Amino acid sequence: MAAASSSSSSSSMRLLLLCLLGFCVALSHQQSTDSCRFSRLNTVADLVPFDTRSFRCIAAWKDEDFVLRYKNTAPSEWSFVLSAPDKGSYVAVGFSGKGLMVGSSAVVGWAPHGKGTVKQYYLGGKSQDEVSPNKGLLKLVKNKAVVVSHSDRLYLAFQISTDYPQPHLIYSVGPENNLPDSDGVLPVHRNMYSHAFNYTSGIAYKTADSLDAGFPRQRQHGLLAMMGWGVLLPIGMITARYFRQLEPYWFYSHMAIQAIGYILGLAAVVLGFRINPAGLNNIDIHRALGVAILVMASLQVLAILARPDKTSKVRRYWNWYHHNIGRAAILLAIGNVFLGLTIAQEVNAYIVSYGVFAAVWVLAVAAFEMKRCYADDD
Ligand SMILES: *[C@@H]1O[C@H](CO)[C@@H](O)[C@H](O)[C@H]1NC(C)=O
């Protein structure tokens with residue numbers, strides 16, 4: 001009795017120590033990374049060519065841990081320091097009158113091996129060749145723009161001559177470990193975000209456009225393709241193959257699910273071809289697979305129209321064809337969803353969620369197949 005209680009109290013002691021350790025690790029991590037609360041700006045202050053004391057600070061973009069500091073340092077002079085994780089990508093902050101990316105000017109910085117480059121870009125359009133380096137409407141103060149890499153963070157510091165900066169800020173971050181080339185051509189951003197901002201009150205406002213910006217075309221394409229090709233088609237296949245006993249409901253639900261899946265998938269393909277492929281790896285194979293899936297799915301739709309009567313002799317061949325093209329399309333679709341998620345360098349939550357779906361689907365199919373096997377043996 002006594003021994004048992006002492007061992008349980010020592011294990012709860014151990015648990016408590018572990019918790020304390022975890023808390024300290026979390027706290028020290030928080031203090032080693034830059035934030036408005038635990039500022040690390042002082043560690044780079046002497047590398048920034050202007051005084052950064054008593055800047056105002058906002059947690060500008062929480063998803064990517066962007067911290068923006070700024071101050072009206074002189075009449076018609078505004079100074080900024082953007083701090084963001086250094087993941088071997090560029091970081092950018094743009095200024096816009098209406099919150100639109102097109103027509104805005106952005107300060108972009110990157111620092112491979114600690115050697116920093118800062119350039120201004122003018123965003124003439126959404127495609128890569130319309131983003132021009134060394135152009136823009138911001139009056140950057142000469143020799144005051146630097147980017148410093150320190151403790152895994154980039155500090156992009158610059159001053160602009162203006163009475164009051166434009167009221168919308170647009171942030172973007174490039175793909176990881178993929179830097180602009182020597183001509184300054186930017187790889188397509190991995191993520192972006194925008195908000196309206198009152199520099200006097202320090203309050204950021206979400207705008208309708210910033211919602212759109214946080215949900216770019218890549219994500220729309222990805223979600224449509226995932227739902228259409230990657231989730232609905234496999235579920236529709238299950239209804240047709242394993243719920244035959246529910247005549248005629250299996251047929252209508254199979255038709256309805258595949259039809260919705262086809263429409264969503266088709267929309268995903270159309271959107272996919274409107275995404276700028278520059279700077280994305282494996283995009284050719286992803287597109288080829290996407291087209292193959294669309295062709296197969298379209299053949300399935302046509303096959304439905306040309307379905308021979310149940311009593312017809314060729315029906316056996318038609319069944320074989322319909323079932324196998326369907327299976328091939330589904331396997332390609334699941335693979336291509338994973339490929340797309342890696343190309344987009346999508347957040348783990350999406351990859352894990354889809355992985356869970358795919359695993360559950362595989363297990364369900366295996367279980368249904370076994371059940372069929374035994375049922376046939378009876
Ligand atoms: C910004 O905030 C200041 C101070 O709170 C306020 O006086 C001003 O009207 C605001 N500007 C805009 C454009 O909302």
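Residues numbered from 1 in each chain as written. Predicted model: local features only at pLDDT ≥ 70, side-chain atom pairs only at ≥ 80, totals over all residues. Heavy atoms only, no water.

In the annotation of an unreviewed UniProt entry, the entry for the protein reads Cytochrome b561 and DOMON domain-containing protein, and the organism field reads Eleusine coracana subsp. coracana. According to UniProt, the comment filed for the protein under the heading Subcellular location (unreviewed entry) is "Membrane". (UniProt positions renumbered as here; feature names shortened; annotations may be inferred.)

J.: Would you explain the overall build of the protein in this entry?
T.: Scanning the protein from terminus to terminus reveals seven helices and 12 strands. With 378 residues in all, the protein has 39% of them scored as buried. Across the protein, contacts joining residues at least 24 apart in sequence account for 60% of those joining residues at least 6 apart. Looking at the protein as shown, the accessible area adds up to about 21,000 Å², and 63% of this sits on carbon and sulfur atoms. (Helix = DSSP H or I, 4+ residues; strand = E, 2+ residues; numbered from the N terminus. Buried < 20%, exposed > 50% of the residue type's maximum accessible area, 1.4 Å probe, protein only. Contact = heavy atoms within 4.5 Å. Areas by Shrake-Rupley, 256 points an atom, 1.4 Å probe, with all protein chains shown as cover.)

J.: In this structure, what is going on with the nonpolar core? I would like to understand it.
T.: Most often, soluble globular proteins have nonpolar side chains that are buried together. Residues Phe 80, Phe 95 and Tyr 171 are the most contacted members of the largest nonpolar core, which totals 27 residues. For this core, the elements supplying multiple residues, two or more each, are β1 (56-61), β2 (66-74), β3 (77-85), β4 (91-96), β9 (153-161), β10 (168-173) and β11 (191-198). Ignoring any residue separated from it by four or fewer positions in sequence, one finds Tyr 171 in contact with Ile 58, Ala 60, Trp 61, Phe 66, Leu 68, Leu 82, Ala 92, Val 93, Asn 191, Met 192, Tyr 193 and His 195. Grouped together as the second largest cluster of nonpolar side chains are 22 residues, Trp 229, Val 231, Leu 294 and Val 365 included. (Core = buried A, V, L, I, M, F, W, Y, C linked by side-chain atoms within 4.5 Å.)

J.: Can you walk me through the state of the cysteines in this structure?
T.: Each disulfide is one covalent bond, formed between the sulfur atoms of two cysteines. Scanning all chains against the criterion turns up one disulfide. The disulfide partner of Cys 36 is Cys 57, and the gap between their sulfur atoms is 2.0 Å. In this structure, the disulfide formed by Cys 36 and Cys 57 twists by about -85° around the S-S bond and is classed as left-handed. With Cys 36 in the loop between α1 (2-32) and β1 and Cys 57 in strand β1, the pair connects residues that are 21 residues apart, well separated along the chain. A residue is classified by how much of its surface remains accessible, and Cys 36, at 35% relative accessible area, is partly exposed. For Cys 57, a relative accessible area of 26% puts it in the partly exposed group. (Disulfide = S-S within 2.5 Å.)

J.: Could you clarify how one ought to interpret the pattern of salt bridges in this entry?
T.: Within this structure, the stated rule accounts for five salt bridges. Between Arg 53 and Asp 51 there is a salt bridge whose closest N-O contact spans 3.0 Å. Here Asp 51 falls in the partly exposed class, since its relative accessible area comes to 45%. Salt-bridge contacts for Asp 65 lead to Arg 153; the nearest nitrogen and oxygen are separated by 2.9 Å. Of this pair, Asp 65 sits in the loop between β1 and β2 while Arg 153 sits in strand β9; the two residues are 88 residues apart in sequence, bridging distant segments of the chain. With a relative accessible area of 31%, Asp 65 lands in the partly exposed category. Arg 153 sits in the buried class, given a relative accessible area of 3%. (Salt bridge = Lys/Arg side-chain N within 4 Å of Asp/Glu carboxyl O.)

J.: Would you mind showing me how to read a positive patch on the surface here?
T.: A cluster of basic side chains, namely Arg 244, Arg 307, Lys 310, Arg 327 and Arg 372, defines a positive patch on the protein surface. Relative accessible area serves as the criterion here: at 34%, Arg 327 is assigned to the partly exposed category. (Patch = residues over 30% accessible without salt bridge, like charges linked within 9 Å, V, L, I, M, F, W, Y side chains within 5 Å. Lys, Arg positive; Asp, Glu negative; His and termini not counted. Charge placed at Lys NZ, Arg CZ, Asp CG, Glu CD.)

J.: Please clarify how the packing of helix α3 (residues 217-242) against helix α4 (residues 249-272) should be interpreted in this entry.
T.: Two packed helices can be described by the angle between their axes and the distance between those axes. Remark: α3 packs on α4, axes separated minimally by 8 Å, with the N-to-C direction vectors making an angle of 160°. When the axis of α3 is compared with that of α4, the two are roughly antiparallel. Our pair here, α3 against α4, has a crossing hand that is left-handed. Considered class by class, the residues forming the contact of α3 with α4 number 19 nonpolar, 11 polar and one charged. (Axes fitted to C-alpha atoms, helices over the stretch in contact; angles between N-to-C directions. Parallel < 35°, antiparallel > 145°, perpendicular 65-115°, else oblique. Left-handed = near helix turned anticlockwise from the far one by under 90°. Nonpolar A, V, L, I, M, F, W, Y, C, P; charged D, E, K, R; others polar.)

J.: What should I look at first to understand helix α5 (residues 283-305) in this one?
T.: Side chains three or four residues apart in an α-helix point the same way, a direct result of the helix having 3.6 residues per turn. Along its 23 residues, α5 runs 33 Å from first to last C-alpha, staying within 8% of the 33 Å computed at 1.5 Å per residue. Those residues of α5 not exposed but buried are Ile 283, His 286, Gly 290, Ile 293, Leu 294, Met 296, Ala 297, Gln 300 and Ala 303. Residues of α5 that are buried sit in contact with α3, α4 and α6 (315-343). (Expected span 1.5 Å × (residues − 1).)

J.: I would appreciate a short explanation of the pairing of strand β6 (residues 117-123) in the present structure.
T.: In summary, the side chains of a regular strand alternate between the two faces of the sheet. Two elements, strand β5 (residues 105-110) and β6, share six bridges in a ladder whose sense is antiparallel. Within β6, the position partnered with Gly 109 by the bridge is Val 118. Turn length for the β5-β6 hairpin, with the two strands adjacent in sequence and antiparallel, is six residues, and the turn residue His 113 shows positive phi of about 50°. As judged from the three bridges shared by β6 and strand β7 (residues 131-133), these two strands associate in the antiparallel manner. When the sheet's bridge partners are listed, Tyr 122 is paired in β7 with Ser 132. (Pairing = 2+ DSSP bridges.)

J.: How should I be thinking about the packing of aromatic side chains in this particular structure?
T.: Where two aromatic rings form a pair, the distance of their centres and the angle of their planes describe that pair. Enumeration over the complete set of coordinates arrives at 24 aromatic pairs. Summarising the aromatic geometry, the rings of Phe 50 and Phe 55 are spaced 6.3 Å apart at their centres and angled 15° between planes, so their arrangement reads as stacked. Taking relative accessible area as the criterion, Phe 50 reaches 9% and is therefore assigned buried. One residue, Arg 244, lies across the ring of Trp 250, its end atom 4.1 Å from the ring centre. (Phe/Tyr/Trp six-rings, centres within 6.5 Å; stacked < 30°, edge-to-face > 60°. Lys NZ or Arg CZ within 6 Å of the ring centre and 35° of its normal.)

J.: Teacher, can you tell me more about the packing of α4 against α5 here?
T.: Where α4 meets α5, the axes come as close as 10 Å, and the angle between the chain directions of the two elements is 145°. Handedness of the α4/α5 crossing: left-handed. Seen from α4, the contacting residues are Met 255, Tyr 262, Leu 266, Val 269 and Gly 272; seen from α5, they are Arg 287, Gly 290, Leu 294, Ala 297, Ser 298, Val 301 and Ile 304. Class assignment for the residues of the contact of α4 with α5 results in eight nonpolar, three polar and one charged.

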